[in-house]
Amino acid sequence: MNPNQYYPDNSYFVSDDNLNFHTGSYSNYDQSFDNYSQPAQLNQRAAPSWQPTPTTNFTGEEDEPPLLEELGIDLNKILIRLMHSLDPTGKCGVVLGDYDVIGPIALYLTYTSLLLLAGGKLMFSYIYGLAVLTSVCMYGLLWAMTDSSEVTLTSTFSVLGYSFTPVVLVALLAVFINLKNIFGAIIVLAAVVWSSMNAARVFVAMFGNSDQKYLMAYPCAIICGLYTLFILY
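Just so it is clear, the model here is predicted, and its values are computed rather than measured.

Novice: In this structure, what is going on with the side chain of Asn198? I would like to understand it.
Specialist: Within the element layout of this structure, Asn198 appears in helix α9 (residues 182–207). Within the structure, Asn198 has its side chain in polar contact with the backbone oxygen of Ser85 (distance 2.5 Å). Here Arg201 takes part through its side chain, which lies 3.0 Å from a polar atom of the side chain of Asn198.

Novice: What is the right way to look at the packing of helix α6 (residues 124–145) against helix α10 (residues 213–232) in this model?
Specialist: Angle between the axes and distance between the axes are the two parameters that describe a pair of packed helices. For the pair α6 and α10, interaxial distance at closest approach is 11 Å and the crossing angle is 175°. As summarised for this structure, α6 and α10 are arranged roughly antiparallel, according to the angle between their axes. Here α6 contributes Tyr126, Ile127, Leu130, Ala131, Thr134, Met138, Leu141, Leu142 and Met145 to the contact with α10, which in turn contributes Leu215, Met216, Pro219, Cys220, Ile223, Leu226, Tyr227 and Phe230. Of the residues contributing to the contact of α6 with α10, the split by class is 16 nonpolar, 1 polar and no charged.

Novice: Where do I start with empty space enclosed by the protein in this structure?
Specialist: Take a probe with the size of a water molecule and roll it over the atoms, and the empty space left behind shows itself. Taken as a whole and judged by the stated rule, the model has 2 cavities of 30 Å³ or more. There is about 190 Å³ of room inside the largest cavity. Surrounding the largest cavity, 14 residues form its lining, Arg81, His84, Ser85, Tyr162 and Val202 being those nearest its centre. Considering every element that reaches the lining of the largest cavity, the biggest residue donor is α9, with 4 residues. Considered class by class, the residues forming the lining of the largest cavity number 6 nonpolar, 6 polar and 2 charged. Of the volumes computed, that of the second largest cavity is approximately 50 Å³. The greatest single-element share of the lining of the second largest cavity, amounting to 4 residues, is contributed by α10. Class assignment of the residues belonging to the lining of the second largest cavity gives a composition of 7 nonpolar, 1 polar and no charged.

Here is what the cut-offs are and how they apply
Residues numbered from 1 in each chain as written. Predicted model: local features only at pLDDT ≥ 70, side-chain atom pairs only at ≥ 80, totals over all residues. Heavy atoms only, no water. Helix = DSSP H or I, 4+ residues; strand = E, 2+ residues; numbered from the N terminus. Polar contact = N/O pair within 3.5 Å; in protein donor to acceptor, adjacent residues only side chain to side chain. Axes fitted to C-alpha atoms, helices over the stretch in contact; angles between N-to-C directions. Parallel < 35°, antiparallel > 145°, perpendicular 65-115°, else oblique. Contact = heavy atoms within 4.5 Å. Nonpolar A, V, L, I, M, F, W, Y, C, P; charged D, E, K, R; others polar. 1 Å grid on protein atoms, 1.4 Å probe; cavity = no way out; pocket = protein on both sides within 12 Å on 5 of 7 lines; lining within 4 Å. Points joined across faces, edges and corners; volume = space filled by probe spheres on them.

Have a look at this one:
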């Protein structure tokens, strides 16, 4: 039988050569499929592009700084300045730089609280108003006497506040003992001299002229004497 009799254009005729051709194509396809279906290749996973480094830190509440440190309050420095202000001989020296206002404000608050306990006088606004006024006046005097960069309004307020510590001790004594007499006047006078010499020592160290120590002690004594009036009257 002639195959061209029923398929003249050979469009639907499949010969043995075509079968061999397709068989070879299928075998090539099976080989390529086997190559892709190896277990080692299917189970192989790509390495992650990001690797966590050992320096990665996750901060918690235990790593946060203390609240006082965040507020800029250093209790050690405040205690050091208080100890220097309680040294009447001046052998401990003076502490310059890094002036703070937290310590003086705490001292003024303690002083007003002791006055309230001693005589029932609420002098909070008077004490703080006097502290600001005397600090501004003292700063103007120091500014006229020297051009040192240490002399600022903050440093003046800080020095006057810390030198006020002996007067606070007298106010504490007034809670237990009546100081409205000659004995009390002597104690108050000693506290005024003590405080004024402490302040004058620091101010002299700020602009480096020791010859003006007693000159600086005079206005400091007037300022401390104004505070002691609240104890005697």
